[in-house]
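What follows is each chain in one-letter form.
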Amino acid sequence: MLRLVSWNINGIRSPLQGVKYEEPSSCSAMAMGRILDKLDADIVCLQETKVTRDVLTEPLAIIEGYNSYFSFSRNRSGYSGVATFCKDSATPVAAEEGLSGLLSTQNGDVGCYGNLDDFTQEELRALDSEGRALLTQHKICTWEGKEKTLTLINVYCPHADPGKPERLTFKMRFYRLLQIRAEALLAAGSHVIIMGDLNTAHRPIDHWDAVNMECFEEDPGRKWMDGLLSNLGCESGSHMGPFIDSYRCFHPKQKRAFTCWSTVSGARHLNYGSRLDYVLGDRTLVIDTFQDSFLLPEVMGSDHCPVGAVLSVSSVPAKQCPPLCTCFLPEFAGTQLKILRFLVHLKQDPVFKQSALQPSNQTQVYMRQNKARVRSTRSRSSKTVSSRGQKNLMSYFQPSSSRPQTSNLDLPSLGTLKTPKTSEEDMMANVVEGQAKASEAKDEKEIRTSFWKSLLGGPSPMPLCGGHREPCVMRTVKKPGPNLGRHFYMCARPQGPPTDPSSRCNFFLWSRPS
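The structure displayed is predicted, hence computed values, not measured ones.

1. Some words on the overall build of the protein chain
Here's step 1: Within the protein chain, the regular secondary structure consists of 10 helices and 16 strands.
Here's step 2: Across the 514 residues in the protein chain, those meeting the buried criterion constitute 39%.
Here's step 3: Of all intrachain contacts in the protein chain linking residues separated by at least 6 positions in sequence, the fraction that spans at least 24 positions is 66%.
Here's step 4: Just so you have it, the protein chain exposes about 31600 Å², and 55% of that area is on carbon and sulfur atoms.

2. Quick word on the packing of helix H3 (residues 121–128) against helix H4 (residues 165–187)
Here's step 1: With their axes 10 Å apart at the nearest point, H3 and H4 run at an angle of 95° to one another. Compared by their axis directions, H3 and H4 come out roughly perpendicular. Contact with H3, carried on its side by Glu123, Leu124, Ala126 and Leu127, involves Phe170, Arg173, Phe174 and Leu177 of H4 and no other residues of that element.
Here's step 2: Of the residues contributing to the contact of H3 with H4, the split by class is six nonpolar, no polar and two charged.

3. Let's talk about the pairing of strand E2 (residues 43–47)
Here's step 1: Burial analysis of E2 places five of its five residues in the buried class, the great majority of the element.
Here's step 2: Taking every second residue as pointing to the same face, both faces of E2 are buried, with Ile43, Cys45 and Gln47 on one and Val44 and Leu46 on the other.
Here's step 3: In terms of strand pairing, strand E1 (residues 2–8) meets E2 through five bridges, oriented parallel. Its bridge partner being in E2, Leu4 is matched across the sheet by Ile43.

4. Some points on the pattern of salt bridges
Here the idea is simple: oppositely charged side chains can pair when their charged atoms come close.
Here's step 1: Scanning the model with the defined rule gives 16 salt bridges in all.
Here's step 2: Across the pair Arg53 and Glu331 runs a salt bridge whose closest N-O atoms are separated by 2.9 Å. Here the residue Arg53 occupies a position in the loop between E2 and helix H2 (58–61), and Glu331 occupies one in the loop between strand E13 (314–316) and helix H8 (350–357), the gap between them amounting to 278 residues.
Here's step 3: Here Glu97 ties to Arg74 by a salt bridge, and the two come within 2.8 Å at their closest N and O atoms. Taken together, the positions of Glu97 in strand E5 (residues 94–97) and Arg74 in the loop between strand E3 (66–71) and strand E4 (82–87) put the pair 23 residues apart, joining distant regions of the chain.
Here's step 4: For Glu97, a relative accessible area of 8% translates into the label buried.
Here's step 5: Linked by salt bridges that have partners in common, Asp206, Asp245, Arg248 and Arg275 make up one network.

5. Considerations on a nonpolar patch on the surface
Here's step 1: Residues Leu393, Met394, Tyr396 and Phe397 make up a contiguous nonpolar surface patch of roughly 540 Å² in combined accessible area.
Here's step 2: Structurally, the position occupied by Leu393 is in the loop between helix H9 (361–388) and helix H10 (424–455).
Here's step 3: According to the relative accessible area criterion, Leu393 is exposed, its value standing at 59%.

6. Focus on the sheet that holds E4
Here's step 1: The six strands are arranged E3-E4-E2-E1-E12-E11 in an open sheet whose pairing can be described as mixed. Two strands in the sheet have a free side with no partner beyond their single neighbour: E3 and strand E11 (290–295). When the angles between neighbouring strand axes are averaged without regard to direction, this sheet yields 15°.

7. Quick look at the confidence of the model for the protein chain
Here's step 1: Here the protein chain shows a mean pLDDT of 83. Residues at 70 or above account for 79%.
Here's step 2: Confidence over residues 17–26 falls short of pLDDT 50; this stretch has 22 contacts with residues more than four positions distant or in other chains.
Here's step 3: Here residues 351–357 is a poorly scored stretch, pLDDT under 50, and it has one contact once near neighbours within four places are set aside; other chains count.

8. Some details on the environment of Ser80
Here's step 1: Along the chain, Ser80 turns up in the loop between E3 and E4.
Here's step 2: Judged by relative accessible area, Ser80 falls into the buried class, the value being 2%.
Here's step 3: C-alpha separation for the pair Ser80 and Gly131, spaced 51 residues apart in sequence, amounts to 6.3 Å.
Here's step 4: In contact with Ser80, not counting residues within four places along its chain, are Glu48, Thr49, Lys50, Val51, Glu130, Gly131, Arg132 and Tyr156.

9. With respect to the UniProt feature "site: Interaction with DNA substrate" (unreviewed entry) in the protein chain
Here's step 1: According to UniProt, the positions carrying the feature "site: Interaction with DNA substrate" (unreviewed entry) are His304.
Here's step 2: Examined against the element boundaries, His304 turns out to sit in the loop between E11 and strand E12 (307–311).
Here's step 3: Residues in contact with His304, not counting those within four places in the same chain, are Trp7, Asn8, Asp197, Thr259, Cys260, Trp261, Arg268, Leu276 and Asp277.

10. Details of the side chain of Ser293
Here's step 1: The topology assignment puts Ser293 in strand E11.
Here's step 2: Given a relative accessible area of 2%, Ser293 falls into the buried group.
Here's step 3: In terms of polar contacts, Ser293 uses its side chain to reach the backbone amide nitrogen of Tyr247, at 3.4 Å.
Here's step 4: A polar atom in the side chain of Ser293 sits 3.3 Å from the backbone oxygen of Gly308.

11. Here we look at H4
Here's step 1: Here H4 contains 23 residues, and its C-alpha end-to-end distance of 34 Å stays within 8% of the 33 Å for a straight helix at 1.5 Å per residue.
Here's step 2: A positive backbone phi angle near 100° is found at Gly189, which sits one or two residues after H4.

12. Notes on the sheet that holds strand E16 (residues 508–510)
Pairing between sheet strands relies on hydrogen bonds along the backbone, with the strands arranged either parallel or antiparallel.
Here's step 1: The strand order across the open sheet formed by three strands is E14-E15-E16, and the pairing between neighbours is antiparallel. The open sheet is flanked by strand E14 (473–476) and E16, the only strands paired with a single partner. With direction set aside, neighbouring strand axes in the sheet form an average angle of 30°.

13. Topic: the packing of aromatic side chains
Here's step 1: Taken as a whole, this structure holds seven aromatic pairs when the rule is applied.
Here's step 2: A ring pair is formed by Tyr175 and Trp224, whose centres lie 4.0 Å apart and whose planes are at 0°; its orientation type is stacked. Pair noted here: Tyr175 is in helix H4 and Trp224 is in helix H5 (residues 220–228), with a separation of 49 residues, a long-range link.
Here's step 3: Taking the relative accessible area as the measure of exposure, Tyr175 reaches 0% and is therefore buried.
Here's step 4: Following the ring pairs from residue to residue traces out a cluster consisting of Phe70, Phe72 and Phe85.

14. Section: the UniProt feature "site: Transition state stabilizer" (unreviewed entry) in the protein chain
Here's step 1: If you check UniProt for "site: Transition state stabilizer" (unreviewed entry), the listed places come out as Asn199 in our numbering.
Here's step 2: Setting aside residues no more than four positions away along its own chain, Asn199 makes contact with Tyr156, Cys157, Pro158, His159, Lys171, Tyr175 and Leu276.

15. Remarks on the side chain of Thr149
Here's step 1: Of note, Thr149 is situated in strand E7 (residues 147–156).
Here's step 2: Once you skip the residues sitting within four places of it in the chain, Thr149 turns out to touch Gln137, His138, Lys139, Ser190 and His191.

16. Structural notes on the pairing of strand E6 (residues 133–141)
Here's step 1: Across the nine residues that make up E6, a large majority, seven, are buried.
Here's step 2: Relative to E6, E5 runs antiparallel, the two being bridged by four bridges. Its bridge partner being in E6, Ala95 is matched across the sheet by Thr136.
Here's step 3: Two strands pair when backbone bridges link them, and E6 and E7 are joined in this way by nine bridges, in the antiparallel orientation. By the bridge assignment, Ile140 is partnered in E7 with Lys148.
Here's step 4: Connecting the antiparallel pair E6 and E7 is a turn made up of five residues, with Gly145 showing a positive phi of about 90°.
Here's step 5: Both E6 and E13 contribute to a ladder of three bridges, which runs antiparallel. Within the sheet, the bridge partner assigned to Cys141 lies in E13 and is Ser314.

Each value, and the rule that gives it
Residues numbered from 1 in each chain as written. Predicted model: local features only at pLDDT ≥ 70, side-chain atom pairs only at ≥ 80, totals over all residues. Heavy atoms only, no water. Helix = DSSP H or I, 4+ residues; strand = E, 2+ residues; numbered from the N terminus. Buried < 20%, exposed > 50% of the residue type's maximum accessible area, 1.4 Å probe, protein only. Contact = heavy atoms within 4.5 Å. Areas by Shrake-Rupley, 256 points an atom, 1.4 Å probe, with all protein chains shown as cover. Axes fitted to C-alpha atoms, helices over the stretch in contact; angles between N-to-C directions. Parallel < 35°, antiparallel > 145°, perpendicular 65-115°, else oblique. Nonpolar A, V, L, I, M, F, W, Y, C, P; charged D, E, K, R; others polar. Pairing = 2+ DSSP bridges. Salt bridge = Lys/Arg side-chain N within 4 Å of Asp/Glu carboxyl O. Patch = residues over 30% accessible without salt bridge, like charges linked within 9 Å, V, L, I, M, F, W, Y side chains within 5 Å. pLDDT = per-residue confidence, 0-100. UniProt positions renumbered as here; feature names shortened; annotations may be inferred. Polar contact = N/O pair within 3.5 Å; in protein donor to acceptor, adjacent residues only side chain to side chain. Expected span 1.5 Å × (residues − 1). Phe/Tyr/Trp six-rings, centres within 6.5 Å; stacked < 30°, edge-to-face > 60°.

Now the structure itself:
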């Protein structure tokens, strides 16, 4: 069996993803290893790693028992990025970064790029510059003993920001490039699996609020998925796309099967989200070898949950990792870079080299004369010092002539000292006086406190929501517009279906400016 798992991890360096470990000081390598052990997969595809090569550390990249491959964003730090971890028993025969081939090294690449005449070089470079795709090619063996090729495309598709129309264009062009590459690999005879965060909820059943969304079916991303996928999973339908949504193949009518939730609204508590993460396989592969497709909503640590599939094939590991493997990066390969590698050897003229290293005869004569002068000077100075005589260290210390004389004052003896006794009346008076002073200080403090309380009233109590009569939470408008920066109150409960009484009510109230 071959088990595949995909997870939008939302930052590979963040609190190490809901994995509970006994030692609070566990290192990153142990934590990353426990993540992979928890997912229990032969191949793990991670999206949104949010690391660039300069901040990737060895404990995150080199895990015992696995070989890893990373694709980094080249424009922004802490943004996008994907990574694939393969068990040593599933070592790929080839690995490649990007979809266009512009990032290929011609050594250990997957190949098969299709017809890209519709794209300019600048557009292809921009589509691959955000580190959104990583390909690994594996050899698999079916139960019949046939050896086949399987290409795994780990992908993190762009999000279309409603406020940035150019990002929708970028997303659709990325979809187009992804489909061309996948179909070219299929045409070359390889099985293909596309797994990752596609950033589109395909059907109304895959979105919590599809009923209230305008033109849900007309979304360009959903139309693209309509053309890519076959209808009704494994069943024959009117449209026969080259790929199948494996989860809907095994669970065609499963409702509330979501993989992404809003962390701001706490929507995961009531499972109020959407399904954006997929395992898409070519039709032949899904029908013949897929045994199951699943979600892992119990795995915490990100705003997404892992998804995966099980295939009835075995992996045939390569004898050596492809060159893209992180174990071959100089910073992780144990070959420390030395500064001598960056220095250029300077060839000197033989005459200049001889003159620089060997002084001339005249210079040697001058050097001998100077040495003789130094010797004569040292001998004269030593004779002078010996004639004068060396001073003793004790000669610098003289006894003091002005010592203080012993005083003739008579000090009282201990027997004549007497401690005065305090009467009971004096003690009571002191106690009363202390209490009066403390009372006055307390009254003065209370007066000051009441004054400042009247001047600075402090935050007003939170209003109660209309649906549950519970204290609200204050939020701030972050959307550009006339209300940017304004505060408002809303129900503190997590977001959920309107029919669920335990979910957030519709209470809304603008905060009065202070």
